[in-house]
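The lines below spell out each chain.
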Amino acid sequence: MKNLENRFAIVGAGPNGLIAARAFKRAGLDFDILERHDAIGGIWNIDNPESPVYESCNFISDRVSSAFVGYPMPEDYPVFPTWRHVRDFIQAFARDHDLEGSVTFGKEVTNARPVETENGQRWVVETSDGEQAMYRGVVWACGLQRTPYMPEIKGLEDFEGEVYHSRKYKSVSQIVGKRVLVIGAGNSGVDIVCDAAVAGEAAHLSTRRGYWFFPKLVFGQPILQILSRAGRVPQNVTPLEELTPAEAMQLALESVGDLSDFGLQKPDHEVGATHFVMNDQVLYQIAHGHLEPHQDVKSVSGKTVEFVDGTSAEVDVIICATGYVFDIPWLDPELVDWVEDSPAFHLGTMSSKVEGLYAAGAVHFPGLTYFTWDRLIQIAAWDAKRLMTGEGQEFVDEIMSYKPVLKNDNLVKTHRNINQYDMEKLLAMTEEMQNRFGIEMPTSPEDDFYSRLPAKNEAPVLAASS
């Protein structure tokens, strides 16, 4: 067994693994990035056999909002980058931050477990090539789109056409000339059903409830720029800076109109109580008669799909865009807490049951994805440094007992929402971690955080007086 007990194993060379690696590097920690595939990029490298990305896939957030901390997307990228742009951006990020040399490809982790040694707890990491190595800790950075979640529908197993999860959808060649039903209105579901509206003989979209629809552009501005009140609007519209966040959101919603005019169900929940749809094409395709909306599926018989309102449709292909099971197959489930059927990490990034186990990108939230994940991983990097140096040991009990509310209490009870957190609450929590415990945080996506040396680790005044 290799003795690497002064290093950390980061599992996954996608964006989360790279974010974690850069944070650990800034903290002065040594690490290895173990990647089971043969290239950097995670899900955004479509050549990875397990990637759920499809040829028509674009980033859901705009170019400006999708920056790594201190590392923006190139200005010549389109407003909403394609998967190719995102892949190239991630790989350039790894090159420019000297992370490529830390990646070992073809290293699929099959088991990671804590062990007691004469020097204290360490982690044994096993890989599919039969090798074992002892590390100081492990960072899970494998992404949330790994194990498909399939719905239970009467008769689905006997459907006489094709049935598969959206993870297996790659291009319109799979649906050309076919009657297609997509179940689920997540980001992938609405993209795929719009492909079917163009390339298929017929396209159908089934949703179990009404969803809020946001356009990707309002007044020609990316929606996140409108919601953050950083965008521009015509002179005869109230300046965005004079609007509250709720008023800016209402402005965006009013630009969509009455969803019932499109045959869609009206939402029965507040905005933010479950994921919303961010897509300009769905309403366009419905309005032009190329896409037919439906309620939830009741049953399937032969090639006939019956919906809960009594209507039906004949289809050749059913694509289940129904999300993913958040699991860590190489980890003993007893080593983390669980919420329903998903593992939950303390403060979004640490195991509360065992030292040295961290998660990068373990939570869902809307907006500023890479920036927010970067702030969360600073907590893990701080704790990993504590394991190596003892710095900050006096704060451990207080940090582990700190249990801020990170979710909204109005969430619709769905599988998708198990890991749905509120971004503002996450950012407020990380700000509190900085104020109380001196854990440095980048202040914005534009911050030059990684070009600055870490501050001297001194107890903050608030923590010392509390």
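Presented here is a report on the structure given in the accompanying data block. Owing to the predicted nature of the structure, the values given are computational and were not obtained by experimental measurement. (Residues numbered from 1 in each chain as written. Predicted model: local features only at pLDDT ≥ 70, side-chain atom pairs only at ≥ 80, totals over all residues. Heavy atoms only, no water.)

Considerations on the overall build of the protein
So, step 1. Assigned secondary structure in the protein consists of 10 helices and 23 strands.
So, step 2. At 23 Å, the protein has a C-alpha radius of gyration in line with the 23 Å of a compact globule built from 466 residues.
So, step 3. Taken along the three principal axes of its C-alpha coordinates, the protein extends 65 × 60 × 40 Å.
So, step 4. Accessible surface, the protein as shown: approximately 20,400 Å² in total, 48% of it carbon and sulfur. (Helix = DSSP H or I, 4+ residues; strand = E, 2+ residues; numbered from the N terminus. Rg over C-alpha atoms; globule rule 2.2 N^0.38 Å. Areas by Shrake-Rupley, 256 points an atom, 1.4 Å probe, with all protein chains shown as cover.)

A closer look at the sheet that holds strand S19 (residues 317-320)
So, step 1. Pairing is parallel across the open sheet formed by 5 strands, whose spatial order is S8-S19-S9-S10-S15. Edge positions in the open sheet fall to strand S8 (162-165) and strand S15 (292-294), since each of these has one partner strand only. Adjacent strand axes in the sheet meet at a mean angle of 20 degrees, parallel and antiparallel pairs treated alike.
So, step 2. Both strand S10 (residues 202-206) and S15 contribute to a ladder of 3 bridges, which runs parallel. (Pairing = 2+ DSSP bridges. Axes fitted to C-alpha atoms, helices over the stretch in contact; angles between N-to-C directions.)

A word on the environment of Val115
So, step 1. Tracing the sequence through the fold places Val115 in strand S4 (residues 109-117).
So, step 2. Here Val115 falls in the partly exposed class, since its relative accessible area comes to 21%.
So, step 3. With 19 residues separating them in the primary sequence, Val115 and Met134 have C-alpha atoms 9.1 Å apart.
So, step 4. When near neighbours in sequence (up to four residues on either side) are disregarded, Val115 contacts Gly120, Gln121, Arg122, Val124 and Met134. (Buried < 20%, exposed > 50% of the residue type's maximum accessible area, 1.4 Å probe, protein only. Contact = heavy atoms within 4.5 Å.)

Here we look at the packing of aromatic side chains
So, step 1. Counted by the stated rule, this structure contains 16 aromatic pairs.
So, step 2. Each ring, one from Phe68 and one from Phe93, has its centre 4.1 Å from the other, and the planes form 25 degrees; the classification is stacked. Taken together, the residues span a long stretch of sequence, with Phe68 in the loop between strand S2 (30-35) and helix H2 (83-96) and Phe93 in helix H2 at a distance of 25 residues. For the pair shown, Phe68 and Phe93 are each scored as buried. (Phe/Tyr/Trp six-rings, centres within 6.5 Å; stacked < 30°, edge-to-face > 60°.)

Some words on the nonpolar core
Most often, soluble globular proteins have nonpolar side chains that are buried together.
So, step 1. Counting residues in hydrophobic clusters, the biggest one holds 95 residues, and the most contacted among them are Phe24 and Met433.
So, step 2. Per element, the largest residue contribution to this core is 11 residues, and it comes from helix H7 (residues 369-389).
So, step 3. Apart from the residues within four sequence positions on either side, Phe24 is in contact with Phe8, Leu29, Phe31, Val139, Tyr358, Ala380, Ala381 and Ala384. (Core = buried A, V, L, I, M, F, W, Y, C linked by side-chain atoms within 4.5 Å.)

Here we look at the pattern of salt bridges
Where charged atoms from two side chains of opposite charge come close, those side chains can pair.
So, step 1. Summed over all chains, the structure comprises 23 salt bridges.
So, step 2. Here Lys353 ties to Asp337 by a salt bridge, and the two come within 4.0 Å at their closest N and O atoms. Residue Lys353 is found in the loop between strand S22 (342-344) and strand S23 (357-359), and its partner Asp337 is found in strand S21 (residues 337-339); the two are separated by 16 residues along the sequence.
So, step 3. For Asp337, a relative accessible area of 29% puts it in the partly exposed group.
So, step 4. Between Arg436 and Glu432 there is a salt bridge, and its shortest N-O distance comes to 3.7 Å. Highlighted residues: Arg436 and Glu432, both in helix H9 (residues 423-437), separated by 4 residues, approximately one helical turn.
So, step 5. What emerges from the salt-bridge pattern is a single network uniting Lys2, Lys107, Asp129 and Glu131. (Salt bridge = Lys/Arg side-chain N within 4 Å of Asp/Glu carboxyl O.)

Focus: the sheet that holds strand S17 (residues 304-307)
So, step 1. With antiparallel pairing, 3 strands are arranged side by side in an open sheet as S16-S17-S18. The open sheet has two edge strands with one neighbour each: strand S16 (297-301) and strand S18 (312-314). Strand-to-strand twist of the sheet, defined as the mean angle between neighbouring strand axes without regard to direction, takes the value 20 degrees.
So, step 2. Across 4 bridges, the pairing between S16 and S17 is antiparallel. Bridging from a neighbouring strand, Val300 pairs with Val305 of S17.

Structural notes on the state of the cysteines
So, step 1. Taken as a whole, this structure holds 0 disulfides when the rule is applied.
So, step 2. Not engaged in a disulfide, the cysteine Cys142 finds its nearest cysteine sulfur in Cys57; these two sulfurs lie 20 Å apart.
So, step 3. Of all cysteine sulfurs in the structure, the one in Cys57 sits closest to Cys194, which takes part in no disulfide; the separation is 13 Å. (Disulfide = S-S within 2.5 Å.)

Structural notes on the environment of Leu156
So, step 1. With respect to the helices and strands, the residue Leu156 is situated in the loop between strand S7 (147-148) and S8.
So, step 2. Here Leu156 falls in the buried class, since its relative accessible area comes to 10%.
So, step 3. For Leu156 and Ala199, which are 43 residues apart along the polypeptide, the C-alpha to C-alpha distance reads 24 Å.
So, step 4. With near-sequence residues (within four places) excluded, Leu156 lies in contact with Pro151, Val163, Val300 and Ile318.

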